[in-house]
Amino acid sequence: MRKILLVCAALACMTVSPVPAQDAAVKKIIEMGQNDNQVMHQLDILTNRFGGRLIGSDAYENAAEWMVREFKSWGLDVQLEEAGTVPVGFNRGPWFGRLLSDNGMILHFATPSYTSGTKGVQRGHAVMEPRNDEEFQQIKGRLNGAWVLISGKNVGWPIDRSASGDSIRAEIKKENNEIMKKNNDLRRRNWENGEKNEMLPYKEFPGLYYKEMCEAGALGFIQSSTVPIRALYDRKMMNDPNTNFDNLPELPDIKLDEHQFAIIEQMVKERRTFELEFDIRNHFKLGPVKYHNVVASIKGSKYPDEYVIISGHLDAFDVATGGIDCGTGIGPMMEAARMIAKSGAKPKRTILFIGFAGEEFGLLGAQAWVKAHKDKLPKIANLFNRDGGPEPPVGISVPQAMYDDFVKISEPIQKIRPDYPFEVKVREPRKRPTRMGGTDASVFAIEGVPTLGFTTEDFKGYDFDYGEIWHTERDLYTKNIPEYQEHTATVTAIIALGVANLDKQLSREGLYTEE
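If you're wondering where the values come from, they're calculated on a predicted model, not measured in any experiment.

### Describing the overall build of the protein
What the protein contains, in helices and strands, is 15 helices and 16 strands. Taken across its 515 residues, the protein has 54% of its residues classed as buried. Of the roughly 23,700 Å² of accessible surface on the protein, a fraction of 51% belongs to carbon and sulfur atoms. Both charge centroids of the protein, one from 64 positive and one from 72 negative side chains, sit 3 Å from each other.

### Quick notes on the pattern of salt bridges
Summed over all chains, the structure comprises 39 salt bridges. A salt bridge links Glu 277 to Arg 98; its shortest N-O distance comes to 2.7 Å. On the criterion of sequence distance, the pair formed by Glu 277 in strand β9 (residues 275-285) and Arg 98 in strand β2 (residues 89-100) is long-range, its members being 179 residues apart. Judged by relative accessible area, Glu 277 falls into the buried class, the value being 9%. One salt bridge in this structure joins Lys 374 and Glu 447, with 3.1 Å as the shortest N-O distance. Within this pair, whereas Lys 374 is found in the loop between α11 (364-372) and β13 (380-385), its partner Glu 447 is found in the loop between α13 (441-446) and β16 (454-456), the two being separated by 73 residues in sequence.

### Re the side chain of Ser 151
Residue position: Ser 151 is located in strand β6 (residues 146-153). Residue contacts for Ser 151: discarding those within four places in its chain leaves Glu 129, Glu 204, Phe 205, Pro 206 and Gln 223.

### Brief notes about helix α15 (residues 482-500)
Look at α15: 27 Å from first C-alpha to last across 19 residues, which is about the 27 Å you get at 1.5 Å a residue. With 17 of 19 residues buried, α15 is to be regarded as a mostly interior element.

### What to know about empty space enclosed by the protein
With the rule as written, the count across this model stands at one cavity of 30 Å³ or more. For the largest cavity, the calculated volume is near 70 Å³. Of the residues belonging to the lining of the largest cavity, the class tally is seven nonpolar, one polar and three charged.

### Here we look at the UniProt feature "domain: Peptidase M28" (unreviewed entry) in the protein
Taking the UniProt record as the reference, the feature "domain: Peptidase M28" (unreviewed entry) is found at residues 293-487. Helix makes up 26% of residues 293-487 and strand 23%. Its end C-alpha atoms lie 26 Å apart.

### Details of the domain arrangement of the protein
Split into domains, the protein comes out as domain 1 (18-86 + 287-498) and domain 2 (93-281). Between the C-alpha centres of domain 1 and domain 2 there is a distance of 42 Å. Of the residues lining the interface, 16 residues belong to domain 1; the matching set on domain 2 comes to 13 residues. Taken together, both faces of the contact between domain 1 and domain 2 bury some 1,200 Å²; the carbon and sulfur share is 58%. Three residues stand out in domain 1 for area buried against domain 2, namely Val 319, Phe 361 and Glu 473, and they jointly supply 41% of the buried area on that side. For the pair domain 1 and domain 2, the number of links is zero salt bridges. Scanning the region where domain 1 abuts domain 2 turns up seven residue pairs in polar contact (both at pLDDT 80 or more). In the side of domain 1 that touches domain 2, the residues fall into seven nonpolar, four polar and five charged.

### Focus on the confidence of the model for the protein
Looking at the protein, pLDDT values average 95 and 96% of them are 70 or higher. The weakest mean pLDDT in the protein belongs to helix α1 (residues 2-16) at 42; the strongest belongs to strand β8 (residues 253-257) at 99. The model gives residues 1-17 a pLDDT under 50, and that stretch makes zero contacts with residues more than four places away or in other chains.

### Section: the environment of Tyr 210
Looking at the secondary structure, you find Tyr 210 in helix α7 (residues 210-215). For the pair formed by Tyr 210 and Phe 96, sequence separation is 114 residues and the distance between their alpha carbons is 24 Å. Non-local contacts of Tyr 210, meaning those with residues more than four positions away in its chain, are made with Ile 159, Arg 161, Arg 169 and Phe 221.

### Notes on the sheet that holds β16
Ordered in space as β15-β14-β16, the three strands form an open sheet in which the pairing is mixed. Each of the sheet's edge strands pairs with one partner strand only, and the pair in question is β15 (423-426) and β16. Recorded for the sheet is a direction-independent mean angle of 35° between the axes of neighbouring strands. Bridge analysis of strand β14 (residues 393-398) against β15 gives four bridges, and the strand direction is parallel.

### Section: the nonpolar core
Core analysis: the largest hydrophobic core is formed by 77 residues, its most contacted members being Met 67, Phe 71, Tyr 114, Leu 314, Ile 340, Phe 353 and Phe 406. In terms of residues, this core owes the most to one element, α15, which gives eight residues. Residue-level mapping places this core at the junction of two domains, with at least three residues from each of domain 1 (18-86 + 287-498) and domain 2 (93-281). Setting aside anything within four residues of it in sequence, one finds Leu 314 in contact with Leu 46, Arg 53, Tyr 60, Ala 63, Ala 64, Met 67, Val 294, Ile 330, Gly 355 and Phe 356.

### Considering the side chain of His 313
If you trace the backbone, His 313 turns up in strand β11 (residues 303-313). Look at His 313 and you get buried, because its relative accessible area is 1%. Of the polar contacts made by the side chain of His 313, one reaches the side chain of Asp 325; its length is 2.9 Å. Among the polar contacts listed, one links the side chain of His 313 to the side chain of Asp 387, at a separation of 3.3 Å. Contacts of His 313, omitting those with residues within four sequence positions, involve Asp 325, Cys 326, Ile 330, Phe 356, Glu 359, Glu 360, Asp 387 and Asp 440.

### Re the packing of helix α3 (residues 39-50) against helix α4 (residues 58-73)
Interhelical geometry of α3 versus α4 gives an angle of 155° and a closest axis separation of 10 Å. Our classification of the angle between α3 and α4 gives roughly antiparallel. Crossing geometry of α3 relative to α4 is assigned as right-handed. In this structure, α3 contributes Gln 42, Ile 45, Leu 46 and Phe 50 to the contact, and α4 contributes Ala 59, Asn 62, Ala 63, Trp 66 and Glu 70.

### Points about the packing of aromatic side chains
Across all of its chains, the model carries 23 aromatic pairs by this definition. When the ring of Tyr 233 is compared with that of Phe 317, the centres are 6.1 Å apart and the planes differ by 35°; the resulting orientation is tilted. With Tyr 233 in the loop between β7 (220-225) and α8 (235-239) and Phe 317 in the loop between β11 and α10 (327-342), this residue pair connects regions lying 84 residues apart in the sequence. For the residue pair Tyr 233 and Phe 317, the accessibility class agrees, reading buried in each case.

Conventions we followed
Residues numbered from 1 in each chain as written. Predicted model: local features only at pLDDT ≥ 70, side-chain atom pairs only at ≥ 80, totals over all residues. Heavy atoms only, no water. Helix = DSSP H or I, 4+ residues; strand = E, 2+ residues; numbered from the N terminus. Buried < 20%, exposed > 50% of the residue type's maximum accessible area, 1.4 Å probe, protein only. Areas by Shrake-Rupley, 256 points an atom, 1.4 Å probe, with all protein chains shown as cover. Lys, Arg positive; Asp, Glu negative; His and termini not counted. Charge placed at Lys NZ, Arg CZ, Asp CG, Glu CD. Salt bridge = Lys/Arg side-chain N within 4 Å of Asp/Glu carboxyl O. Contact = heavy atoms within 4.5 Å. Expected span 1.5 Å × (residues − 1). 1 Å grid on protein atoms, 1.4 Å probe; cavity = no way out; pocket = protein on both sides within 12 Å on 5 of 7 lines; lining within 4 Å. Points joined across faces, edges and corners; volume = space filled by probe spheres on them. Nonpolar A, V, L, I, M, F, W, Y, C, P; charged D, E, K, R; others polar. UniProt positions renumbered as here; feature names shortened; annotations may be inferred. Domains from an automatic or database assignment. Buried area = accessible area lost by both parts, 1.4 Å probe. Polar contact = N/O pair within 3.5 Å; in protein donor to acceptor, adjacent residues only side chain to side chain. pLDDT = per-residue confidence, 0-100. Pairing = 2+ DSSP bridges. Axes fitted to C-alpha atoms, helices over the stretch in contact; angles between N-to-C directions. Core = buried A, V, L, I, M, F, W, Y, C linked by side-chain atoms within 4.5 Å. Parallel < 35°, antiparallel > 145°, perpendicular 65-115°, else oblique. Left-handed = near helix turned anticlockwise from the far one by under 90°. Phe/Tyr/Trp six-rings, centres within 6.5 Å; stacked < 30°, edge-to-face > 60°.

Put into structure tokens, the structure is as follows:
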């Protein structure tokens, strides 16, 4: 009889032990979040040792390998999953420029990724780009050894060198040549008849005589840019199936601080004597170059074929270091993984931690993952994808069918920092998207996967402005707000673990409207 009682007692302990064990894991996560939070360390390595990390760059490959090493050191299973290739690779080096004159200055500028650097230190005079055939003939000889000031305002993209761009150029040249004839007639009438006709404006297209100016010996092209300077990449070149190492751009495409551009432009118009000097070290590498998603996992103890995903995109534009976009996704995701692993948690469902590749080039890594793992999509409880500013989670909006679960899961959050709010709200069903949006989550949403993200807010008033850093030179580690990032990592770990430990899979009822 005594043996039977002992066996029954043991079985009872086995039955109830998972709940205290999971409570202990959450308690441990909160303790680490408060006293041993390493999210800013993860961000320091990611952004200051590797820096900007576009796919095709050494920095991206090195950052991916580092993530693998870190995940393994925490006891996670991890692998690099090939997601695609780019036709050539690109590594950005230092850049420097100056105005040489009696009012000389150091120049503030950037260049888009996958564009040419200089051929060493290059010095030359400056000219305005021609707008019609007559103006081109007038300066053709002077283009040799010149830096050309081109029209338009920089929005991040380089000069359009594509076939479609050339077609637009041809049409605008025709129109401008007709305008030139009309303006010549107006000048004649003003001279001969004393009329006061105003000249007709010419149409603009940056680098209107691009090929002709290259052939004439121009050193490079300079466009005015608002500050902070935004620098993207040569998208049309990278998407062109004919791109290879032998047909890359050969002249620099410089985006110059608009205030300095205005000074130089005025000096050109006044026909003053001065020179510009640039040293831009943009380097290409032979392709094709493979890129990979980083996928780590903690296998589920009860439902190993059901999933909770925490993600961000590993790639970042290299005009800065990707401290925010997407350091605020990768840093908290990695720290959440470390916390869950070190807490001793045994989640019922498998938790995946994914650093997606190529988000900035068109959500490439997310698309590759979804294509390769179609069988997993119906079994994903939620994708927690973070791709925004450093603001902390202050709540989450979920369908009515998930509300009670999330209220229960989020109860421990108030123990992290009582001064940080967190509220679960009910959201109405939404139309299921049919097209990709601006983040990796949209690729999953198209497939009907829940992609519920946290509501975030700069509620302490640190005056963060996402527009200031978005793809600009200011996307730096120093733009992070440490206490916000630490809280984000802790909340992410608790919520993801809570979803993974539910007795039943989250209901998708009310997630999307019926079609």
